[in-house]
Amino acid sequence: MIGGFDVLEVKQVSKLYENQRGVHNIDFAMTRGEIVGFLGPNGAGKTTTMRMITGYLNPTHGSIAIDGLPMAEHPKKARQKIGYLPETPPLYPEMSITAYLKFIADLRDIPVREQKTRIGEVIERLGLQGRERQIIRSLSKGYKQRIGLAQAILHGPDLLVLDEPTSGLDPKQIIEIRQLIRELGENHTVLLSTHILPEINALCNRVLIIHQGRIVLDGQPEQLATSLGDTFEVSLEIKGPRETVLAELRGTPGVTAVRELTEGPEAALSASGSQTGADAPEAAGEPGAAGEALDTVRVIAQSADRQDIREALFYRMAEKRLPILSMKRESLSLEDIFLKLTTDERMDETDGSGAGLTEDDAATANAGGDHHA
């Protein structure tokens, strides 16, 4: 919070296009120090939302405030608190880095006496030393992305809005830009749009997922799988006669289902009869007896209602002398969560009114204002 206000406050924001609703009652807020990932399939409303936040578009309904300043009432002052990096950086390829940043400083009304210091600071921070006089056209995409970040932070904004900041970069450049974003997050609030799901886990302490113009999820990445799952699953690797292991697992209190993943390679070498039903009870009593080769059984054990069954499994297997070689709680990956929330099955939950309209076409048709918001 800054002065009693969120850095960004989006209240019930909608955007209509030709009687079709492109964005539906978007509602969220961000506080200082947050790096929030903004995810969604193509056409979901990400770009439209970011252009409304940065003042390029006016919402049809709702309000947006930057550090307590309503964008509709104080657009210039609100924009001064925002740094924006579009997916394609707003660069002038015929200019040198220094000339370009001087141009941006003038646009941002940075006092002339402060410009040299500010430009020097961002050049050092973005690792552009030694290239100040280089023409932008001659630079690699990674360096152009750095210049895009430099223009976004030159005026010391409270809020950074970054649209696909690592798109098209090589692995080394991606690592470098991600590190820069982490450092920027120490002094800025960052809204980060990306299609690279591991980037969310690497950078963000919160994630928003938008689908068909609606926010369908808002939470911390590590908590999403728990909040979406209706079962508790554990993967286990257990040494012992296969049938015995499966029977004991199914008999463990709280376990509702057991799914075998694969038989271990030891199965082919098991002693004759070790898999038979007649021998199973005896093996359960004394697994690993002299001359007996045991299986390594790999399974997923499941409980209902998110009941934690790990302790029950441990004591049951210990009692039956069936060694647990590994046990790990399974959870949905961010990719699984994204697909679960944005598949066509969710279309029935919305009115589908945004169908057929691409957000970029709609936003371009309605865009206006300064290109350096």
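Residues numbered from 1 in each chain as written. Predicted model: local features only at pLDDT ≥ 70, side-chain atom pairs only at ≥ 80, totals over all residues. Heavy atoms only, no water.

Topic: the side chain of Glu164
Secondary-structure assignment places Glu164 in the loop between β7 (159-163) and α6 (171-184). Despite its burial, Glu164 remains without a salt bridge, the nearest opposite charge being carried by Lys46 at 5.5 Å. Apart from the residues within four sequence positions on either side, Glu164 is in contact with Glu87, Gln145, Ser193, Thr194 and His195. (Helix = DSSP H or I, 4+ residues; strand = E, 2+ residues; numbered from the N terminus. Buried < 20%, exposed > 50% of the residue type's maximum accessible area, 1.4 Å probe, protein only. Lys, Arg positive; Asp, Glu negative; His and termini not counted. Salt bridge = Lys/Arg side-chain N within 4 Å of Asp/Glu carboxyl O. Contact = heavy atoms within 4.5 Å.)

Side note on the pairing of strand β9 (residues 206-211)
The buried count for β9 comes to 6 of 6 residues, which makes it a mostly enclosed element. Across 4 bridges, the pairing between strand β3 (residues 35-39) and β9 is parallel. Bridging from a neighbouring strand, Phe38 pairs with Leu208 of β9. Inspection of the sheet shows β9 paired to strand β10 (residues 214-219) by 5 bridges, in the antiparallel sense. The residue of β10 that forms the bridge with Ile210 is Ile215. The hairpin formed by β9 and β10 contains 2 residues between the paired strands, and Gln212 there has a positive phi angle of roughly 50 degrees. (Pairing = 2+ DSSP bridges.)

What to know about the environment of Leu313
Assignment of secondary structure puts Leu313 in helix α11 (residues 310-319). Once the C-alpha coordinates of Leu313 and Thr252 are considered, the two residues, 61 residues apart in sequence, prove to be 6.5 Å apart. Apart from residues no more than four positions distant in its own chain, Leu313 is found in contact with Val234, Leu236, Leu249, Thr252, Val255, Ala301, Ile324 and Met327.

A word on the environment of Ile66
Looking at where Ile66 falls in the secondary structure, it is placed in strand β4 (residues 61-66). Ile66 sits in the buried class, given a relative accessible area of 0%. Between the C-alpha atoms of Ile66 and Val7, which are 59 residues apart in sequence, the distance is 5.5 Å. Once residues lying within four places of it in the same chain are set aside, the contact partners of Ile66 are Val7, Leu8, Ile53, Met71, Ala78, Lys81, Ile82 and Leu159.

Notes on the pattern of salt bridges
Close approach of charged atoms allows side chains with opposite charge to pair. In total, this model carries 16 salt bridges according to the counting rule given. Close ionic contact of Glu34 with Arg206 constitutes a salt bridge, the shortest N to O distance being 3.1 Å. Of this pair, Glu34 sits in the loop between β2 (20-30) and β3 while Arg206 sits in strand β9; the two residues are 172 residues apart in sequence, bridging distant segments of the chain. Its relative accessible area of 11% is what places Arg206 among the buried residues. A salt bridge links Arg310 to Asp308; the nearest nitrogen and oxygen atoms lie 2.7 Å apart. The partly exposed category is assigned to Arg310, whose relative accessible area is 31%. The network of salt bridges with shared partners includes Arg32, Asp67, Lys81 and Asp158.

With respect to a nonpolar patch on the surface
Side chains of Tyr92, Phe103 and Leu107 sit close together on the surface and give an oily, nonpolar patch of about 240 Å² of accessible area. Looking at the element boundaries, Phe103 is found in helix α3 (residues 97-107). (Patch = residues over 30% accessible without salt bridge, like charges linked within 9 Å, V, L, I, M, F, W, Y side chains within 5 Å. Areas by Shrake-Rupley, 256 points an atom, 1.4 Å probe, with all protein chains shown as cover.)

Describing the confidence of the model for the protein chain
Residue-level pLDDT values for the protein chain average 79, and 75% of them are 70 or greater. Mean pLDDT per element in the protein chain: helix α13 (residues 359-366) is the minimum at 41, and α3 is the maximum at 96. Taken together, the stretch residues 263-286 has pLDDT below 50 and engages in 31 contacts with residues farther than four places along the chain or on a different chain. In this model, residues 345-373 is a region of pLDDT below 50 whose contacts with residues beyond four sequence positions or in other chains number 60 contacts. (pLDDT = per-residue confidence, 0-100.)

A short note on the sheet that holds strand β6 (residues 82-85)
Spatial strand order, β6-β7-β8-β3-β9-β10: 6 strands in an open sheet with mixed pairing. Across the chains shown, the open sheet's two edge strands, defined by having one partner strand only, are β6 and β10. Taking each pair of neighbouring strands and ignoring which way they run, the sheet shows an average axis angle of 15 degrees. Inspection of the sheet shows β7 paired to strand β8 (residues 189-193) by 5 bridges, in the parallel sense. If you follow Leu162 over to β8, its bridge partner there is Leu192. Seen against the sheet, helix α1 (residues 46-53) touches β3, β6, β7, β8 and β9 and runs at an angle of roughly 150 degrees to β7. (Axes fitted to C-alpha atoms, helices over the stretch in contact; angles between N-to-C directions.)

Quick notes on the packing of aromatic side chains
According to the stated counting rule, one finds 4 aromatic pairs in the structure shown. With a centroid separation of 5.4 Å and 65 degrees between ring planes, the pair formed by Tyr56 and Tyr84 is classed as edge-to-face. A residue pair is termed long-range when its members are at least 10 positions apart, and Tyr56 in the loop between α1 and β4 and Tyr84 in strand β6 qualify at 28 residues. Each member of the pair, Tyr56 together with Tyr84, is buried. Ring geometry for Tyr92 against Phe103: centres 5.4 Å apart, planes inclined by 90 degrees, an arrangement best described as edge-to-face. (Phe/Tyr/Trp six-rings, centres within 6.5 Å; stacked < 30°, edge-to-face > 60°.)

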